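Observations on the three-dimensional arrangement
Below, each chain spelled out in residue letters.
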Amino acid sequence: MTARKSGSRLETEIERCRSEGQWDKIPELVRQLSAKLISNDDLGELLLGEAKLQQYLKENPIKQGASPRGPRSRLQEVRKHLTAALDRGNLKPEYIQEASLIMAKLCYVEGDYREALNQYSRVNLDEMQLVGAPVYRLSMIAEAYATKGLCLEKVPMASPSLSNRNADRDQEIITCYEKSGDIALLYLQEVEKALSVGIQNRSPKPGPVTQEQELGYFLETGLQRAHVIHFKNGNLTHGVGRFREILRAVETRTTQNLRMTIARQLAEILLRGMCEQSYWNPLEDPPHQSPLDDPLRHTPHTKDYALSRRPRIYSGENLFCPQENTEEALLLLLISESMANRDAVLSRIPEHNNDRIISLQSASLVYDLLTIALGRRGQYEMLSECLERAMKFAFEEFHLWFQLALSLMAAGKSARAVKVLKECIRLKPDDPTIPLLAVKLCIGNLHWLEEGERFAKIVIDMGEKAAEFRAKGYLAIGLVYSLRATDASLRGMQEEYQKKALSAFQRAQSLSPTDHLAVFYLALQLAVSRQIPEALGYVRQALQLQGDDVHSLHLLALLLSAQKHYHDALNIIEMALSEYPENFILLFTKVKLETLCRGPEEALLSCKRMLQIWKSCYNLTNPSDSGRGSSLLDRAVADRRQLNAMTLPDFSDAETGNLPDDFFHGFDSFIGVCSVHATSIAASRVEQALSEVASSLQSSAPKQGPLHPWMTLAQIWLHAAEVYIGMGKAAEATACTQEAANLFPMSHNVLFMKGQVAELRGNVDEAKRWYEEALSISPTHVKTMQRLGLILHQLQRYSLAEKILRDAVQVNSTAHDVWNSLGEVLQAQGNDAAATECFLTALELEASCPILPFTIIPRAL
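Reference entry: report on the structure contained in this document. (Residues numbered from 1 in each chain as written. Predicted model: local features only at pLDDT ≥ 70, side-chain atom pairs only at ≥ 80, totals over all residues. Heavy atoms only, no water.)

Helical geometry: 3.6 residues make up each α-helical turn, so side chains three or four residues apart lie on a common side. Between the first and last C-alpha of helix H7 (residues 135–154) there are 29 Å, a value that for 20 residues agrees with the 28 Å anticipated at 1.5 Å per step. Judged by how many residues are buried, H7 sits mostly within the fold: 17 of 20 residues are covered. (Helix = DSSP H or I, 4+ residues; strand = E, 2+ residues; numbered from the N terminus. Expected span 1.5 Å × (residues − 1). Buried < 20%, exposed > 50% of the residue type's maximum accessible area, 1.4 Å probe, protein only.)

Dropping the structure here:
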């Protein structure tokens, strides 16, 4: 009785070791079992043969496509043990089956695939019970199916010409692997369940921690080989279905790495090999015929087997189910990302190098696919957040740093992107494209011109190493100098930076004579310097290099207007609009030219068309419109009280003519990216503060959504108001100005237009008040300074008028109307000589004055 209990205890311990793969303990347990139960010698031979074979495979693992290399004498020992156990005939039927399975596995390891298949023919695998079977036997059956599939792949068909037999063979191989994978999942789930029960029942005394179960070559083959054959046969539908079956199984610690790999592979297939029309969600049956499958190589596959036990799958109510391919891919990748972050190897000690490299490579693959998935949806904010989590891997890893920088750029986080690009430059100092990207951001809405100059000089200092990007370096530094000339408050500084900009553009053009941008910016800088004939020559050259460039066409029109060829300029603008019908800067220029060439009524019709284009572009309407504004222009303002806190870019002043980067953010087909005058940025901050106060007084809702559509709309109203002022229609001008004021009540442009309307009505005191308010927000708004100077002149406050007008000349020395007004003030004070000089300067500048300032054209890389 005691012996039976002892034998039962030993058999339980042996079964546990077989289930957990602790083969080194088996010989000692067999010795104890043989001493207790003499009749179990054959079982001992079986166990010793299995243990030695498993130890051999552990020390000499099988690699894909090759048999293990090691001392064959150990395999002969395995065969002796198994032969002895089978030949005596004393084993129970279930142990005879196990011995045959182990013998077949041994034959495969030795390379005798036909003999392995003969062994499997003696054991009907399909009749081996899964219900109630010990855990270790589940592993044996799963490995047997995988090994049988491997042998069938390696043994050639007797009649390879018979295609139907080949199809049957493929079907049999796939079925073997799918059964192996299903039973392997079931086995791993049962092992984990047994381990968790053992941990709960374990005494609190400290003891050795149970090692994590290894998957092994045969189980891993069973889990991964079926979908590979599906894809090889051109059957993408069944391959995707097999991926989903594995992923729906309840997870175990052993399969975590495999699941992450499969999830990543499935995500890649969904992103690169499947369109929305061919997608079916995981809870639907796959289509019988799919465009995903290769009709020439397609092998029909039907899952015609049923297992008595299947692995547990995740189930429950209200589970999320993806409805399209990008959604499922994103879900899979986010799961993979969380697993990669959780299992990250960050240690820098030498012995962990290989693990760290593998961890980094796995994470990089996931983040690259996330970039594709989120980039398709335009979710750059989310992508940048994901890549920030990847920074734990990113020590000295250029690829991840650069991906983060690009995602921050796309998300509009320019300041952070520049900081990340600095690290990229440190990691890859010989790559000229990185500092060029940094320059692009710095001369955009950041307006970090000194920083931009440093980045541009990095490219220039590379010399010949920068290759074709050297010209781009000179182009970048030329743009920096051009913008600094616009910012400069002293005439001497303006001229110095203009000379530097011209020199840089000329150098860029000489290094890359076929680059239309270098020629275009050279023409633009010459135009800003009022060298009109030279600028015309270069802009025509730029158009020869790229005839459909919108900015070159716009510059040509402005240059023609500077020569007073207004009809020719209008023809150029209309030609450009035929290619770029939604470019609002071209449309604003058209309104100005039409006012001169065709009359204000035609210009007002263009304003109405602009409003219709605005509606179609932004699809924003206001059902509760109050009805204010011109009856000519349809209103399309939605919840306007929310939109008080942004300044408007000034289209009429040279010093503030450059649009902010976010003016048409996401609408690159409209206009390019450009920068803002420093004083305009300061004015923007003042206006924002004042507008927030106004918004709070109106109890308006918080701002929502992008503001650039509303900024565009306000400019349309202001242009319409300006046309009405030119017609002398004060009521209509007031209505249009009020529409703009409803959007941005504290904009200096709106306040300036209110002053214009007040002047039209003859209310000088009111106009003076509006101009003073506009200057309190933007002290360098030249047109406001000029109009205020004239009003002070009317009020005979000559000294103050002269001071304001001289300040305006310092800000913009090419404004002919300011010079003319200054001459009038000096003449009224009796200073005829100085007044004459001002009038002559005004005449000279007016002869080369364009319809709108040249600086409204964006300056950006």
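Quick look at the packing of helix H15 (residues 398–410) against helix H16 (residues 414–427) now. Here H15 crosses H16 at 155°, and the two axes come no closer than 9 Å. Judged by the angle between their axes, H15 and H16 are roughly antiparallel. Pair H15 / H16 crosses with left-handed handedness. Each of Phe398, Trp401, Phe402, Leu404, Ala405, Leu408 and Met409 in H15 lies in contact with H16, whose residues at this interface are Arg416, Ala417, Val420, Leu421, Glu423, Cys424 and Leu427. Its residues placed into classes, the contact of H15 with H16 shows 12 nonpolar, no polar and 2 charged. (Axes fitted to C-alpha atoms, helices over the stretch in contact; angles between N-to-C directions. Parallel < 35°, antiparallel > 145°, perpendicular 65-115°, else oblique. Left-handed = near helix turned anticlockwise from the far one by under 90°. Contact = heavy atoms within 4.5 Å. Nonpolar A, V, L, I, M, F, W, Y, C, P; charged D, E, K, R; others polar.)

Another point: a nonpolar patch on the surface. A grouping of Phe320, Leu331 and Ile335 is seen on the molecular surface, where their side chains present a nonpolar patch of about 280 Å² in accessible area. With respect to the helices and strands, the residue Phe320 is situated in the loop between helix H11 (256–272) and helix H12 (325–342). Take Phe320: its relative accessible area is 55%, and that puts it in the exposed class. (Patch = residues over 30% accessible without salt bridge, like charges linked within 9 Å, V, L, I, M, F, W, Y side chains within 5 Å. Areas by Shrake-Rupley, 256 points an atom, 1.4 Å probe, with all protein chains shown as cover. Salt bridge = Lys/Arg side-chain N within 4 Å of Asp/Glu carboxyl O.)

On to the side chain of Arg859, then. Along the polypeptide, Arg859 turns up in the segment after helix H35 (832–846). With no salt bridge to any partner, buried Arg859 finds its closest opposite charge in Asp487, at an N-O distance of 7.2 Å. Among the polar contacts made by the side chain of Arg859, one reaches the side chain of Ser482 at a distance of 2.8 Å. There is a polar contact of 3.1 Å between the side chain of Arg859 and the side chain of Thr486. (Lys, Arg positive; Asp, Glu negative; His and termini not counted. Polar contact = N/O pair within 3.5 Å; in protein donor to acceptor, adjacent residues only side chain to side chain.)

The next point concerns helix H6 (residues 113–122). For H6, the set of buried residues is Tyr113, Ala116, Leu117, Gln119 and Tyr120. The buried residues of H6 occupy one face: seen down the axis, they fall within an arc of 155°. In H6, those exposed residues whose orientation departs by more than 90 degrees from the buried face are Arg114, Ser121 and Arg122. Looking at the buried side of H6, the elements it contacts are helix H5 (93–110) and H7. Two or three places before Glu115, at the start of H6, stands the capping residue Asp112, its side-chain oxygen 3.3 Å from that residue's backbone nitrogen. (Arc of directions from axis to C-beta.)

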